[in-house]
Structure formats: C-alpha cells, structure tokens
Amino acid sequence: MRATLVAEYRKLVTTRLWWILLAAMAAYVGFLAGVIAWTASRPEGLGGSGSAPLSVDETVRSVYTVGSSVGYVFPLVIGALAVASEFRHRTVTPTLLAEPRRTVFLLGKLAAGLGAGLVFGVVGTAVATGVGAAVLSATGSPTLLDQSATWRYVGLAVVAMALWALLGVGVGTVLTNQVAVVVVVLAWTQFVEPIARIALGATSWGGHLVAYLPGAASDALTGGSLYTAVASGPVLDWWAGLLVLLGYVAVLAIAGRLATLRRDIT
Amino acid sequence: MTEVEVDRLSKSFGAVRAVDHLSFTVRAGRVTGFLGPNGAGKTTTLRVLLGLVAPTSGTATIGGRRYSELTRPGRVVGAALEAASFHPGRTGLDHLRVYAPQVGVPDSRTHEVLALVGLSEVGGRRVGGYSLGMRQRLALATTLLGDPPVLLLDEPANGLDPEGIRWLRAFLRALAAEGRTVLVSSHVLSEVEQTVDDVVIISRGRLVHSSSLAELAGLTRPRVQVVSPDAAGLAALVARAGWTLAGPQRGGEAEVVDVPAAAVGAAAFAAGLELHQLATRDVGLEDVFLGLTGDAAGGPAGIAAGPVAAAASDPRGAPTEVGPEAAR
Ligand SMILES: Nc1ncnc2c1ncn2[C@@H]1O[C@H](COP(=O)(O)OP(=O)(O)OP(=O)(O)O)[C@@H](O)[C@H]1O
Ligand SMILES: [Mg+2]
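What counts as what
Residues numbered from 1 in each chain as written. Chains lettered and ligands numbered in written order. Predicted model: local features only at pLDDT ≥ 70, side-chain atom pairs only at ≥ 80, totals over all residues. Heavy atoms only, no water. Contact = heavy atoms within 4.5 Å. Buried area = accessible area lost by both parts, 1.4 Å probe. Polar contact = N/O pair within 3.5 Å; in protein donor to acceptor, adjacent residues only side chain to side chain. Helix = DSSP H or I, 4+ residues; strand = E, 2+ residues; numbered from the N terminus. Nonpolar A, V, L, I, M, F, W, Y, C, P; charged D, E, K, R; others polar. Axes fitted to C-alpha atoms, helices over the stretch in contact; angles between N-to-C directions. Parallel < 35°, antiparallel > 145°, perpendicular 65-115°, else oblique. Left-handed = near helix turned anticlockwise from the far one by under 90°. Near = heavy atom within 4 Å. Areas by Shrake-Rupley, 256 points an atom, 1.4 Å probe, with all protein chains shown as cover.

Looking at an unreviewed UniProt entry, one finds chain B named ATP-binding cassette domain-containing protein, with Cellulomonas alba as its source organism.

An unreviewed UniProt entry lists chain A under the name ABC transporter permease, with Cellulomonas alba given as the organism.

Here it is, written out as structure tokens:
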C-alpha cells in the first residue's frame, strides 16, 4: 500500500494539472472572497434589496467558506481526473500491471484524492480567509478572527473540500471517460444542483430533499454559506452534512469498484 | 526457469470469439515469436496472461501461477502492450519513477533502464514530444524496471526504424541468452524471423502451428516454374512423372513442387518437350506463414497442399505441432 501511495503521489505531481487547477482556484476564490467582503461592507449589506441584510456572523462565514461553497469544483475535478486520465491515456494498463489488486488501486486513488483535497482545501480556505479578512478590516468591518467559532468553520471548510476530492475520485471511477467526467461535473455543480436547490427549495417537500444534495450537505458541514444564508429551506446539522458527503463517496466508490473495476481492461 | 503456459484458453467479447481453445508453452532462454494476422487474438491472449482481461474459460499462467497470484508481479513479468500507454504531459523519467515503487526497485533503477534503451538524453522531456520509436523504447524500459525473468512484448518493433529493429533484435537475443523467457508478438513473420527461436502461430483465436523456427523453415518446399509452348505435352509429362503441382496448370505454365529444377529439366529433355522457362522459385517463410494463417475461406493460398496446410485449413482440425511440444 505504501508503494501505491508513493506512486499515486508521483502521478499527481508529475503533470501540470494540479498546479494549474490550484492556481485557478486560488485566483477565483480570492476574487470572490474579496467581492463578497467588499459588498458586505456597503451600507445596504448582503442579502439583496428585498430580504433582510445578513448578520455579521453570517457575512463573515460566507466570506471565509467561499472555497468550499463555490471553489469545491476544483478539488472535485482533480479527484475525478486522477482516475479518468488513467483511462484517457491508457496508463491504467501499466498501473494495473504494477498493482493488479484493483481494490488497492481504488484505495490508492482515494488516498491521493484525500491528500490533494486537503491541499486544495488549505489553500482555498486560506486564500478566502486571508483576502476576505484583509478586505473586511480595510473597510472597517469586524473580521471575527479572534473567535474560536470562526476557526472551527474555517477548519470544517478544509475538510469539506477534501471530501469533494474524494467524491471526485468516486465520480471518475464510475464514469472513467474524461470528457464525460468534466461535462457531468460542470453541469451538475453549475446548473443542476443550484437550480434544484432554488426551485425545489422553495417548495415545502423539496426543501427537505435538496438538503441532502452534495452541495447542500457541504454547506451544512461548514454551518452554512452565502447560499444557505440567502436561500430558504432547512440546513442539516454539520455532522449530518459530513455523513451525507461520506455516504456519496462510499456509494460512488463501491459502484465504481463493482462496475468499472470488474470489467476487462482492453 | 519460468515458463509461460496458456492452457485451453478461450475469451469471447460478446459474439466475437477472440481466443478459441488456445494452448501453447513459452520456454525460458529462448525468444518466442507470437504470430498471427490482425485480429488473431494476440493482444487478447497477452491481456489475459496479465490479468487485465478475464478469460471465458481455460488458464494462462506464468511459472505456474496466475498474474494476480504473483506477489511482486513487476519483478517476475515485464510487459508492454500495444498502444503504448503514457501520459503525454509526464517526462519519460517521471513515467518510470511513477512505477518504480510498485515494481519494488529504487529510483536509481529508472536511470539504468533509460540508459539500457538509449533514452538517457531525452528522459527529461515530456513523452508527448516523443517519436513512436522513442515511445517503444520507453515502453521497453518500463518492462525492464524490475529486471524480470519473463518479458511479454506486444509488437515491440512497431514504429522502429531499421536501425532500431536491429538494435531490438540484439537486445532481445541478449535477454534470452541470460535465460529469460521472451515472448514477442508480431503480425509479420519477417519482422521477427531473425530474432526468434520458436514460433507460436495463431489465426482467428486458434493455434495453427507451434514449433521451433527451424522446424517451421522445414515446411518450406522448393518449387520449379516450368513454361512450355506445348501445354498438352507438359500436362502429359507431369502426369507421367507423378509430380505435384502448386496449382492448376495455366496453359503451358505449371509450378512443380518438391522436385529439383535439374530433375524437371532432365525429364523434359528425355521426353523431347520444348521448354521456354525453367526456374526455381523460392518459397520463403513468409509464404509458409501466410499459408498457415490464411484459411480455406478465401485466404491467400501460400503453399502447396500438404499435411500442414490441410490441418490449418480444416476448421476443426488439430494444429500442427512439431518438436518438443508434440513430444510431451
Ligand atoms: N474490448 C473488445 N471488445 C470487443 N471485441 C474485442 C475487444 N478486444 C478485442 N476484440 C476482438 O477480438 C479479436 C482479437 O483482437 P486482438 O486485439 O487480440 O487481435 P491481435 O491479434 O492483437 O491483432 P493486431 O495484430 O491487429 O493487434 C478481434 O476480432 C477484436 O475485434
Ligand atoms: Mg494486437
């Protein structure tokens, strides 16, 4: 297993994908954190013209967790491509020659996904918190960095992003086709889930349902985000969000093991 | 010594019977050519041997064990399959460094194998910029990482220039001389003719021939082309002498099998038959190969009908086995 971990680590760091995605994520998350923090400092505040402005706590939380609530697509993609690119470039053949036990292969990918996810989580959350706190303090708003509750959800945001990378590994193992993986991930994260959360969240029965979608579960883990703050509908407890995300990872990984990894590699 | 054994192996992809009741043994210390036309089932057989494809029935073992049962497979078997598999964005050296831990060798070994295949200079370049021949060499380097006693190479000569083929030939011979088991697939016999000691020939998933190369060469038969203006006289002479023809006589033109040109000339002279042409035609190994793999249903009829060709063209016929395999 140790050899597999070293091999998977080397696979990740010997191509350029990881740092291109990491840099893109940092820029994206930093920009969003800055914009949200600055908007929140305006007299009208966050929350739009109709609804009530967000509380200070909700505002700060929205800024610091923007990595896990919006930037999560980056660890998701790196996890998914860790598997799909093996099929795309047919390196799955030498990989399975070096380690024929396919469960070990999957566990290695999950471990690599977890590692990459933690790096993305730490960087994404650090950028969001750093840029956000800088803009907040520059505009004279409280940063709440002296409160332990703040650091708790900052830490949970890192955990959430790591879980997204694991989920990506599951998606990649089930789909394996690199193009399909990218299309499905983007369509789901940018259209399907956001629309479902707004449309179904407005109904009484749908609200309970959408709380179990992965994005909603991830927001629940960090105790809410800009999204849950503006949208209506119930939010799961943090631990329930954690369990739901882990459940998605488990289901996808097992499905991938039973379907993809049982098939002939030709 | 590590032998590779394929025993009554069958593999179907849906309705396609890619490998059909195939049995053969690959011996250590020799280079074995695994030959067959496109789609014969060579790659599929290798993939089953390597545990990548599950057989429909039968077994394929290396040193008596299935690939998945080997503890450190990279130290036992080095395999390179067609369509060499590399990430284009990774350097050649990094490609080797990725697999070194699981094969169970230190990173220093990656430099050694790169040097062995003559890629030391370009190891730091991305594989996406490699030529086909460079990729083949890198694939070979990957198989050598674990210094394995068994090498399974799928079309390793593909994309190599004549110089590269010569290099590969010497390289494989040296590996076999060290006592390793070397199996090389190809769809042209001439490509490996000067490399291999043994041949395993398959067609449509079935074994059609397995022997040493020398015994395969023994199946070649001399042919003499005879042209005479007197077609009837020629036909009469052929009948009287009891010669076998490679094909039906076309006008005054016939191809006599297994009779030296001198004997044909002497007989014609004695019979007073005027000859315009008397030429020995070389039937190379490639023709024997084509005769074995071309089937009764319109394949190229390369060699004269004999026991071998008859067996090969019989759809349910037994494959020809010559030499040590048949003796067992
Ligand atoms: N994954 C697959 N699905 C369906 N059919 C397949 C698959 N892989 C191989 N086949 C079929 O199995 C047969 C044998 O293919 P294989 O690749 O083993 O031949 P080959 O001897 O390696 O040929 P070549 O010289 O062209 O490489 C072919 O008819 C091929 O179409
Ligand atoms: Mg092939």
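Enquirer: Looking at this structure, how should I read the interface of chain A and chain B?
Expert: Interface extent is often summarised as the accessible area lost during association of the parts. The interface is formed by 26 residues belonging to chain A together with 28 residues belonging to chain B. Approximately 2,500 Å² of surface area, both sides summed, lies buried where chain A meets chain B, with 58% of it carried by carbon and sulfur atoms. Our count for the chain A to chain B interface comes out at 16 residue pairs in polar contact (both at pLDDT 80 or more). Contributing elements (two or more residues each) for the side of chain A that touches chain B: helix H1 (2-13) and helix H6 (92-98) of chain A. Residues that form the side of chain A that touches chain B fall into these classes: nine nonpolar, nine polar and eight charged.

Enquirer: Whenever I open this one, the packing of helix H3 (residues 92-103) of chain B against helix H5 (residues 132-144) of chain B confuses me. Can you help?
Expert: Think of two packed helices as two axes; the pair is described by the angle between the axes and how far apart they sit. All names here are of chain B. Where H3 meets H5, the closest approach of the two axes is 10 Å, and the angle between their N-to-C directions is 25 degrees. It follows from the interaxial angle that H3 and H5 lie roughly parallel. Note that H3 runs across H5; the crossing there is right-handed. Every residue of H5 that contacts H3 at Gly-92, His-95 and Leu-96 is listed here: Leu-138, Ala-141 and Thr-142. In terms of residue class, the contact of H3 with H5 is built from three nonpolar, three polar and no charged.

Enquirer: Would you mind going over the environment of Ala-133 of chain A with me for this structure?
Expert: Residue and element names in this part refer to chain A. Its location among the elements puts Ala-133 in helix H7 (residues 102-138). When the C-alpha positions of Ala-133 and Ala-112 are compared, they lie 31 Å apart, and in sequence the two are 21 residues distant. Non-local contacts of Ala-133, meaning those with residues more than four positions away in its chain, are made with Tyr-64, Ala-128, Thr-143 and Leu-145.

Enquirer: Honestly, the side chain of Thr-173 of chain A in this entry has me stumped. Any pointers?
Expert: Looking at the secondary structure, you find Thr-173 of chain A in helix H8 (residues 148-175). Excluding residues within four positions of it along the chain, Thr-173 of chain A makes contact with Val-83, Leu-106, Gly-256, Arg-257, Thr-260 and Leu-261 of chain A.

Enquirer: So what exactly am I meant to see when it comes to the site of ligand 1 here?
Expert: As a matter of local geometry, ligand 1 sits amid 15 residues, with Gly-39, Gly-41, Lys-42, Thr-43 and Thr-44 of chain B nearest to it. Of the chains in the model, those with residues near ligand 1 are chains A and B. Residue Glu-155 of chain B places a side-chain N or O atom 3.4 Å away from an oxygen atom belonging to ligand 1. When the free accessible area of ligand 1 is taken as 630 Å², the share hidden by the protein chains comes to 67%. Listed by contribution, the elements that provide at least two residues to the shell around ligand 1 are strand E2 (16-26) and helix H1 (42-49) of chain B.

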